[in-house]
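# Residue-level structural notes
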Amino acid sequence: MKIYLSIIPFFLLSIATVKSQEIPSLDWDALQETKPWEATESYDPIPAKVTPGIFSFPPSDATILFEGNHLDAWQKPQYIYEGANLDILKAMIKNDDPNYDHAAADWIVKDGACIVKQGAGAIETKEAFGSIQLHLEFLSPVDAGKEGQSYSNSGVFLMGLYEVQILNSYENSTYSNGQAGSVYKQHIPLVNASRPPGEWQSYDIIFNAPVFSTYGKLKSPATVTVLHNGVLIQNNVELRGPTVYIGEPSYTPHAAELPLRLQDHGDAVRYRNIWVRRL
Ligand code: MG
């Protein structure tokens, strides 16, 4: 009881002290001598100066992958992997030959756009990439007879393995985790920001590549952020593994950098203004 009695007056005194406490002020003239704010100023590194793009034009430090007149940055892949299942994917990764003599990309280049050549298979970049910022524009041709997954299906395969779906999802229903802007069969887009067929649309994608230990163990999964026509539709979501059409995804170790791939799903989807920045 003695202890309690001694605490109470002190407690009341504390309240009184808090109530009457003034907001401290700084003596700016005196501080000019020591400049304590400099201790928390960081000058290293200096961010590289970049000229921002105007509208859809690429920024000055971008690698241009397609600007409208040729497919020199692209080739045919050794294997047409489009997410069938995990066993096929693993075999393709295992058999991947770095000295494989790739054929030239043969999609159609017309009117400033690159058009999927139906039946020709995917195209991939000659250059390999890991983590990237990617911009591309695409157009679903008007085709009233098509529906669901068959209406303007293509896809951006990051590292050739992780698909951000391209589809006409403007008044064309399909499974949510397979519509435009889905991380195919893994993440449903936050909103449907699709424009109608016949209009150009854009994806801005920030992709962080997965990291594997030297023994092939997953250290950190891939993550992706997607803006569709400037609207956030995937917010730094974690991928569960490469895209698979059948079965559940899971990681299998692969190279730190791999080509970016565009899918031929049998529809004459158009692409333009494709550029990438390494992260
Ligand atoms: Mg697709």
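Here the structure is shown first, and the text comes after it.
Residue positions within a chain follow its written sequence, with the count starting from 1. It should be noted that, the model being predicted, local features are given only for residues of pLDDT at least 70 and side-chain atom pairs only at 80 or more, the latter also being counted only at that level, while totals for whole chains, interfaces and linings use all residues. Values reported for side chains reflect all heavy atoms of the structure, with hydrogen atoms and water molecules removed beforehand.

### Considering unusual backbone geometry
In plain terms, the rule: A run of H or I in DSSP becomes a helix once it reaches four residues, and a run of E becomes a strand once it reaches two; helices and strands are each numbered from the N terminus. Think of it in three bands: with a 1.4 Å probe and only protein chains considered, a residue is buried below 20% of the maximum accessible area for its type, exposed above 50%, and partly exposed in between.
One non-glycine residue, Lys35, adopts positive backbone phi at about 45 degrees. Structurally, Lys35 is set in the loop between helix H2 (28-31) and strand E1 (63-66). Within the chain, Asn236 stands out as a residue other than glycine whose phi angle is a positive 55 degrees. The topology assignment puts Asn236 in strand E13 (residues 231-238). Here Asn236 falls in the partly exposed class, since its relative accessible area comes to 46%.

### Observations regarding the sheet that holds strand E7 (residues 154-158)
Strands in a sheet are paired, the pairing made by backbone hydrogen bonds, and the direction either parallel or antiparallel. What counts here: We call two strands paired when DSSP finds no fewer than two bridges between them.
One open sheet accounts for five strands, arranged E2-E5-E14-E7-E8; its pairing is antiparallel. In this open sheet, the two strands that pair with only one neighbour each are strand E2 (74-75) and strand E8 (162-166).

### Points about the coordination of the magnesium ion
As a reminder of what qualifies: Here a donor is any nitrogen, oxygen or sulfur atom (N, O, S) within 2.8 Å of the metal, with 3.2 Å used for Na, K and Ca; water is not among the atoms considered, so some sites may look incomplete.
Coordination of the magnesium ion by the protein comes from Asn153 (OD1), Ser154 (O), Glu163 (OE), Gln165 (OE1) and Gln263 (OE1), over a distance range of 2.2 to 2.3 Å. Along the chain, the residues donating to the magnesium ion fall in the pattern N-S-x8-E-x1-Q-x97-Q. Remark: Gln263 occurs in the loop between strand E14 (258-262) and strand E15 (270-278) and Gln165 occurs in strand E8; sequence separation between them is 98 residues. Residue Gln165 shares its accessibility class with Gln263, and that shared class is buried.

### Observations concerning the pattern of salt bridges
Opposite charge on two side chains permits them to pair, given that their charged atoms come into close proximity. Basically, it comes down to this: Here, a salt bridge means any Lys or Arg side-chain nitrogen found within 4 Å of an Asp or Glu carboxyl oxygen.
Applying the stated criterion to the full structure yields 10 salt bridges. Linking Asp61 and Arg277 is a salt bridge whose minimum nitrogen-to-oxygen distance equals 2.8 Å. Of this pair, Asp61 sits in the loop between H2 and E1 while Arg277 is found in strand E15, placing the two residues 216 residues apart along the sequence. With a closest N to O distance of 3.9 Å, Lys146 and Asp143 form a salt bridge.

### Some details on helix H3 (residues 86-95)
For the record, the criterion: An arc is given here, and it is the one of the directions from the helix axis to the C-beta atoms. Pairs of N or O atoms are called polar contacts if they sit within 3.5 Å, as long as, within protein, a hydrogen donor faces a hydrogen acceptor (for residues adjacent in sequence, only side-chain-to-side-chain pairs).
Within the sequence span of H3, burial applies to Leu86, Leu89 and Met92. For H3, the arc enclosing every buried residue in end-on projection is 125 degrees, short of the 170-degree limit, so these residues lie on one face. H3 presents Asp87 and Lys94 as exposed residues on the side facing more than 90 degrees away from its buried surface. The opening residue of H3, the one whose side-chain oxygen lies 3.1 Å from the backbone nitrogen of Asp87, is Asn85.

### Considering the packing of aromatic side chains
How we decide: Note on ring pairs: Phe, Tyr and Trp rings are taken, using the six-membered ring of Trp, and paired if centres are within 6.5 Å. Classes follow the plane angle, with under 30 degrees stacked, over 60 edge-to-face and the rest tilted.
Taken as a whole and assessed by the stated rule, the structure comprises seven aromatic pairs. Centre to centre, the rings of Trp28 and Trp37 are 6.0 Å apart; their planes meet at 45 degrees, and the pair counts as tilted. For Trp37, a relative accessible area of 30% gives the class partly exposed. With a centroid separation of 6.4 Å and 25 degrees between ring planes, the pair formed by Trp107 and Tyr271 is classed as stacked. Note that Trp107 is positioned in the loop between H3 and strand E3 (108-110) and Tyr271 in strand E15, a separation of 164 residues in sequence. Judged by relative accessible area, which is 4%, Trp107 ranks as buried. An aromatic cluster of three or more residues is present, and its members are Tyr162, Phe207, Phe212 and Tyr251.

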